[in-house]
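Listed here are the chains, written in short residue letters.
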Amino acid sequence: MSDAVYVDRQVAVDFDALPEEMALEHWFATVLEHFPGEIRREMTVRFASEEESQSLNHDYRGRDKSTNVLSFPFEAPPEIPLPLLGDLVVSPHVVEREALEQHKRVEDHFAHMIVHGTLHLLGLDHIDDDEAEAMEQLERDILSTLGISDPYAVAPEDFGGRDGHQVSEEKRTDA
């Protein structure tokens, strides 16, 4: 089996500083290093407007607001083996706004959203506190290998969660 990954990068929004395909593939491959048995090594990343994000979030999640990343897992029929893991829809304007609000590098926040969304495609979730803590720890581990600090750490003046990590639904990544 090849370790190569493929990301179909789709741009449906005007935004100057979108991650290139090579960066997306690097982040995707880094996630897959933590799932050695995973054979699905392709995904689509669509960069979309806030309006498209809001529409999809409303239609598929019942939330009438734009969001940073949405995950759409792909399930091929058993008789048709395809290497497609699924699709991510990223709203770069939301990602940029969150990065600025949270005092993070925009590129690091893009990497976090790709890691977070890919983990959703792999079946992880953050619905209850135990799932959230496990998923957040895996995100920390993956991002640290990319040289990115803990995305859930908050400045002391923003302290409001367990062990100094953001826990409110508004602050938690919303994929």
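Predicted model only: the values in this text are computed from it and were never measured.

Its place among the elements puts T118 in helix α4 (residues 106-121). From its side chain, T118 meets the backbone oxygen of I114 in a polar contact 2.7 Å long. Ignoring any residue separated from it by four or fewer positions in sequence, one finds T118 in contact with F28, V31, M43, L85 and L88.

Sheet architecture is open: 4 strands sit in the order β1-β2-β4-β3, paired in mixed fashion. Each end of this open sheet is capped by a strand with a single partner; those strands are β1 (6-11) and β3 (69-73). Averaged over all neighbouring strand pairs, the angle between strand axes comes to 15°, with direction disregarded. Here β1 pairs with strand β2 (residues 42-47) via 6 bridges, running parallel. Along β2, the bridge assignment pairs V11 with F47. Contacting β2, β3 and β4 (84-90), helix α2 (residues 50-61) runs over the sheet at an angle of about 50° to β3. The strands that α4 touches are β2, β3 and β4; relative to β4, the one it contacts most, it runs at about 140°.

Tallied over the full model, the rule gives 3 aromatic pairs. Ring geometry for F15 versus F110: centroids 6.1 Å apart, planes at 75°, classification edge-to-face. Of the two residues, F15 sits in the loop between β1 and α1 (21-32) while F110 sits in helix α4, which places them 95 residues apart along the sequence. Taking the centre distance of 6.0 Å and the plane angle of 80° together, the rings of F47 and F110 count as edge-to-face. Of the two residues, F47 is situated in strand β2 and F110 in helix α4; the sequence distance between them amounts to 63 residues. Since its relative accessible area comes to 2%, F110 is described here as buried. Ring-pair connections join several aromatic residues into one group, and the members of that group are F15, F47 and F110.

There is a patch of like negative charges on the surface, built from D128, D129, D130 and E131. Here D129 falls in the exposed class, since its relative accessible area comes to 54%.

Attention now goes to the nonpolar core. Buried together is how nonpolar side chains tend to be arranged in soluble globular proteins. Core analysis: the biggest nonpolar cluster contains 32 residues, and M43, V45, F47, V90, F110, I114 and L119 have the highest contact counts within it. Elements with a minimum of two residues in this core: α1, β2, β4, α4 and α5 (129-145). With residues up to four places along the chain from it excluded, the contact list for V90 reads V45, R46, F47, A48, N68, V69, V95, F110 and I114.

Our focus in this paragraph is unusual backbone geometry. The phi torsion at H103 lies on the positive side, around 55°, for a residue other than glycine. Within the element layout of this structure, H103 appears in the loop between α3 (92-101) and α4.

With respect to the secondary-structure elements, S49 resides in the loop between β2 and α2. Judged by relative accessible area, S49 falls into the buried class, the value being 18%. Of the polar contacts made by the side chain of S49, one reaches the backbone nitrogen of E52; its length is 3.0 Å.

A few words on α4. Compared with an ideal rise of 1.5 Å per residue, which puts 16 residues at 22 Å, α4 spans 22 Å between its outermost C-alpha atoms and is within 8% of the ideal. With 14 of 16 residues buried, α4 lies mostly within the body of the structure.

Let's shift gears to the environment of L85. Position of L85 among the secondary structure elements: in strand β4. Accessibility expressed as a relative area gives 0% for L85, which makes it buried. Sequence-wise, L85 and T118 are 33 residues apart; in three dimensions their C-alpha atoms are separated by 8.4 Å. With residues up to four places along the chain from it excluded, the contact list for L85 reads F28, E38, R40, E42, P73, F74, T118, L121 and L122.

Rules of the game
- Residues numbered from 1 in each chain as written.
- Predicted model: local features only at pLDDT ≥ 70, side-chain atom pairs only at ≥ 80, totals over all residues.
- Heavy atoms only, no water.
- Helix = DSSP H or I, 4+ residues; strand = E, 2+ residues; numbered from the N terminus.
- Polar contact = N/O pair within 3.5 Å; in protein donor to acceptor, adjacent residues only side chain to side chain.
- Contact = heavy atoms within 4.5 Å.
- Pairing = 2+ DSSP bridges.
- Axes fitted to C-alpha atoms, helices over the stretch in contact; angles between N-to-C directions.
- Phe/Tyr/Trp six-rings, centres within 6.5 Å; stacked < 30°, edge-to-face > 60°.
- Buried < 20%, exposed > 50% of the residue type's maximum accessible area, 1.4 Å probe, protein only.
- Patch = residues over 30% accessible without salt bridge, like charges linked within 9 Å, V, L, I, M, F, W, Y side chains within 5 Å.
- Areas by Shrake-Rupley, 256 points an atom, 1.4 Å probe, with all protein chains shown as cover.
- Salt bridge = Lys/Arg side-chain N within 4 Å of Asp/Glu carboxyl O.
- Lys, Arg positive; Asp, Glu negative; His and termini not counted.
- Charge placed at Lys NZ, Arg CZ, Asp CG, Glu CD.
- Core = buried A, V, L, I, M, F, W, Y, C linked by side-chain atoms within 4.5 Å.
- Expected span 1.5 Å × (residues − 1).

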